[in-house]
Structures are given as C-alpha cells and as structure tokens.
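# Results of the structural survey
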Amino acid sequence: MLKSTIKKIILENEGLRIVARTARNKLKQARYVSRGLSTRIDDKLIVFSAYNGKNYTCSPRAVYERLIADPAYSDYLFVWFFEHPEEYRFLEENINTKVVKNQSALCEKYLHRAKYWIFNFRALDHWWPSKEQVYVQCWHGTPLKRLGYDITSSNNAMNSIKEIREKYRTDTQRFSYLVSSCRFVTEKFSTAWHLKELKNESALIETGYPRNDFLSTYQDIDIVRIREKLGLSDCHKKILLYAPTWRDNQHDSGCGYVYDNPVDFDQLKEKLAEDYIILFRAHYLVANKFNFAEYEGFVYNVSDYDDINDLYVISDMLITDYSSVFFDYAILERPMFFYMYDLEDYRDELRGFYIDVDSLPGPVVKTEAELIDVICNSDEKFDVEEVRKFNEVYNTLNDGHAAERLIERVIK
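First, a word on scope: everything that follows refers to the structure included in this document. (Residues numbered from 1 in each chain as written. Predicted model: local features only at pLDDT ≥ 70, side-chain atom pairs only at ≥ 80, totals over all residues. Heavy atoms only, no water.)

## What to know about the environment of L195
Note on placement: L195 falls in the loop between α6 (183-192) and β7 (204-206). Apart from the residues lying within four places of it in its own chain, the contact partners of L195 are T172, F175, L178, F189, S190, N200, E201 and L204. (Helix = DSSP H or I, 4+ residues; strand = E, 2+ residues; numbered from the N terminus. Contact = heavy atoms within 4.5 Å.)

Set out below in structure tokens:
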C-alpha cells in the first residue's frame, strides 16, 4: 500500500514525475549501453516488436512475413519480442525465427546485436541503438488527432505537453527511418517529431504502411479462415466493428489508461440484435476489461485479437470516433460512421485534430439514437464516392506493395 501510494503521488505531481522518470531512464540507459559495449553487430539479424510486445500484428508483422517468403533472406535470423512469448511459439516453426520475452536480458542481448529494429511504437526510452544499427519506426496509423510537438493543449492524465514532446524528441534522436503512408502523413510526422529542428528530416520515407498490404490482397479463403477462428462461420447477420480510441484523461494509477464505455449495449441489443452482431475492439493502451457475458451472441470482445486487419475484412461496417482505424478501413470502401459523443471536449481540451471532422468519409453522430439510425440506414447514409475521394488523398500508397518498398529502401 505504501509503494502504491508513493507511486500515485509521483504520477500526479508533474515535477516529481519528471525527476523520477528522468533519473530512472538515465540509469536504465547507462546500464543498457554498458551491457552492449563489446557486442558485435550482426548484419543479418532483425528484431521485431509491435505495440511494445503486446501483439503479432501491424507493419512489423507485414515486413517479417514478406522477408521470410523471400529466399534472399533465408540466412537471416528474425527475433520477435513479446510480453507473453509462450503464446507465439508457433512463429518458431520457421527455423530462422526466435521468440523471446520482451524487456528480458535475452531481449536486450538481441537488441544490441541486431542490425535492424522494426517497431511500430516509440522504443522504450532507455533503448538506444548504436551508430551502426538501423531503427525503423513504422508507427501504427495515419493521425487524425495531433501528435508530439503538434499538441498545443492537453488534459493528459500521465504526461504534460512538455513530457510528451520530450518523448518524441528522444525518438527522433534515435530512429534511422520513420515510415509514412502519403504526403499528408509526411507533413504531419515532420512537425510532430520536430524533424527539421532536430536535423533528421531525411529519416522520413513514403512507402505506404506495410500493415495495410493485406487489405488490398486478401482472398475469400481468408474470410473463411477468420470467421472460423472467431466462431462466426455460421453467423448470417451483418458484422459491426466498434473500435473507439482511448481518452488521455482517463487513467488509473494501478493499471494504466482506462476507457469509460459510453455505449448503452442494452439499447443497441434491443434495436439491432435481430440483424447485427458487434465486434468490440478497445485501443491497445486501454488496460481495463469489459464484461459482456450478458450480451453473449450479440457483442464479441475482440480487444485481445492480434491483428485488426482480420476484423476489418470480415466487417460490414465500422463504428469509431477519433481512432486512426478509419484511414485503413477506407481502403475496403465500406460504410463507416463516427460516434463522437464528446467531440468538443476531445477536440478542444484533449488533443485537437489535423483535419476537420467535416471531411471525414462518413457521417458524424453524437447520440446513440443517431448512431442506431445510421447503422439501420447504412445504404442511404454511405457514399462510396466520398470514400474514394478520401483515398485519393490519404491512401495513395496503400496498394499491397508497401512492405516490398520498405525492404527495398531500408535493407536492400
């Protein structure tokens, strides 16, 4: 209890929090660097991690699968970091792949040896690549909400604007490449990571997001496989994917960011259950779990499902708010709706946006009644030409070949 109380006090006091984090990171960084001083870099060793070891997904997965399919890399060693490595031992069926515990001593050993780091998140603050290593920051989406140095107002429960900018500055000083999906993303990432001021503008590469290659290349057999995996083979109802983002100001010092679900699933069940089911997907930062036992057969909690691409391709429509998922889902040219019940607060107090909500590729609704209406009348509310025009701006390079372009640029 004493330890928990002290931690809570530190987290809630910006000055104490900055001092404690700075001291901790400097100590960890010094220890990390010292452990690798005599390590020799292996040019044919690549390490991968998605969402700091939480999943096998996103662009690291797409790049990895492209590499293991190419005979030119048959003598490379690929190492994945996971929080729960025992769940991913199947990857070791490939003789060139190893799975290790994230943040373990063995993890750090491979970090020091690897020529390439392929991540989709900001590397831990104390992980510093040497000058001979190549850290590829793939990121994990096209931003609607402001990032890094572009945030001008924030009600973040864990980090002040100063702290957020420091995290992005640290990342900019380390990565060799920052992956962009289009010109819009290049412009926003450049300012969000302060690239010009920190003299690292050359790191930006427009290859498209490897994570989205599957959305342009999946086959009917993939649909069958995914539905079977989720137990939906015999489901003949329409599938709604509900994927909200997290809220910066909703946090519990004991477990991390949480999400106060605003949806009345009782009402949705009453109005929609006859024709629809819902796949509920919480953001990866959100720690709390939802109990949907009473909605069995109507709401499926797929928050722990590894790859959201699978959920995209089997869904008939998307419901989201400020998450970047809609940029990816637009590739499929299917209906999407934006349930922004807290629009003014999120836009003006929490993060702010890069684009106006009026330009989103689907209707914005603020009440549950409006949400039910757009779902039930999706044929009338959805404008496929609007989505295609949107893709001409934001998905120009998501053509199924982004992983190939990244490998060509970074490794070949």
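So that's the structure; there's more coming.
## Notes on the sheet that holds strand β2 (residues 77-82)
If you walk across this open sheet you meet the seven strands as β3-β2-β1-β4-β5-β6-β7, and the pairing is parallel. Across the chains shown, the open sheet's two edge strands, defined by having one partner strand only, are β3 (97-101) and β7. Across this sheet, the average inter-strand angle for adjacent strands is 25 degrees, counted without regard to direction. Here strand β5 (residues 134-137) pairs with strand β6 (residues 177-180) via two bridges, running parallel. Counterpart to Q137 in the pairing with β6 is L178. Across the face of the sheet, helix α4 (residues 105-113) comes into contact with β1 (42-49), β2, β3 and β4 (114-119) while running at roughly 115 degrees to β4. (Pairing = 2+ DSSP bridges. Axes fitted to C-alpha atoms, helices over the stretch in contact; angles between N-to-C directions.)

## Quick notes on the packing of helix α9 (residues 265-272) against helix α13 (residues 368-376)
The interhelical angle for the contact between α9 and α13, taken along N-to-C directions, is 30 degrees, at an axis separation of 11 Å. In this view, α9 runs roughly parallel relative to α13, as classed from their interaxial angle. Considering how the two elements wind past one another, α9 and α13 form a crossing that is right-handed. For the pair α9 and α13, contact is made by Q267, L268, K271 and L272 and by E368, I372, I375 and C376, respectively. Residues that form the contact of α9 with α13 fall into these classes: five nonpolar, one polar and two charged. (Parallel < 35°, antiparallel > 145°, perpendicular 65-115°, else oblique. Left-handed = near helix turned anticlockwise from the far one by under 90°. Nonpolar A, V, L, I, M, F, W, Y, C, P; charged D, E, K, R; others polar.)

## Looking at the pattern of salt bridges
The final tally for this structure, using the stated rule, is 22 salt bridges. Across the pair R61 and E65 runs a salt bridge whose closest N-O atoms are separated by 2.9 Å. Taken together, the positions of R61 and E65, both in helix α3 (residues 58-68) and four residues apart, correspond to about one turn of that helix. For R225, the salt bridge identified is with D310, shortest N-O distance 3.9 Å. Taken together, the residues span a long stretch of sequence, with R225 in helix α8 (residues 220-229) and D310 in helix α10 (residues 308-314) at a distance of 85 residues. The exposure class assigned to R225 is partly exposed, which follows from its relative accessible area of 38%. Beyond isolated ion pairs, a larger network of salt bridges with shared partners links R17, R21 and E163. (Salt bridge = Lys/Arg side-chain N within 4 Å of Asp/Glu carboxyl O. Buried < 20%, exposed > 50% of the residue type's maximum accessible area, 1.4 Å probe, protein only.)

## Points about the sheet that holds strand β13 (residues 317-320)
Spatially, six strands are ordered β12-β11-β8-β13-β14-β15 in an open sheet, and the strand pairing comes out parallel. The open sheet terminates on both sides in strands that have one partner only, identified here as β12 (299-301) and β15 (364-365). Sheet topology note: the strand β8 (residues 238-242)/strand β11 (residues 276-280) ladder contains five bridges and is parallel. Bridge pairing in β11 places L241 opposite L279. Sheet strands in contact with α9 are β8, β11 and β12, and its direction is about 150 degrees off that of β11.

## Overview of helix α5 (residues 161-174)
Relative to the 20 Å expected for 14 residues at 1.5 Å per residue, α5 spans 20 Å between its end C-alpha atoms, a close match to the ideal helical length. Every buried residue of α5 is listed here: E163, I164, K167, Y168, T170, D171, T172 and R174. (Expected span 1.5 Å × (residues − 1).)

## Considerations on empty space enclosed by the protein
Taken as a whole and assessed by the stated rule, the structure comprises one cavity of 30 Å³ or more. Counted as a void, the largest cavity has a volume near 60 Å³. Lining the largest cavity, in full, are L240, Y242, V263, F265, L268, I278, I319, L371 and I375. Counting residues per element, the ones that place at least two in the lining of the largest cavity are β8, α9 and α13. Classifying every residue of the lining of the largest cavity by side-chain character gives nine nonpolar, no polar and no charged. (1 Å grid on protein atoms, 1.4 Å probe; cavity = no way out; pocket = protein on both sides within 12 Å on 5 of 7 lines; lining within 4 Å. Points joined across faces, edges and corners; volume = space filled by probe spheres on them.)

## Description of a negative patch on the surface
Negative charge collects at one region of the surface, where D264, D266, E270 and E294 lie side by side. Along the polypeptide, E270 turns up in helix α9. Residue class for E270 comes out exposed when judged on its relative accessible area of 63%. (Patch = residues over 30% accessible without salt bridge, like charges linked within 9 Å, V, L, I, M, F, W, Y side chains within 5 Å. Areas by Shrake-Rupley, 256 points an atom, 1.4 Å probe, with all protein chains shown as cover. Lys, Arg positive; Asp, Glu negative; His and termini not counted. Charge placed at Lys NZ, Arg CZ, Asp CG, Glu CD.)

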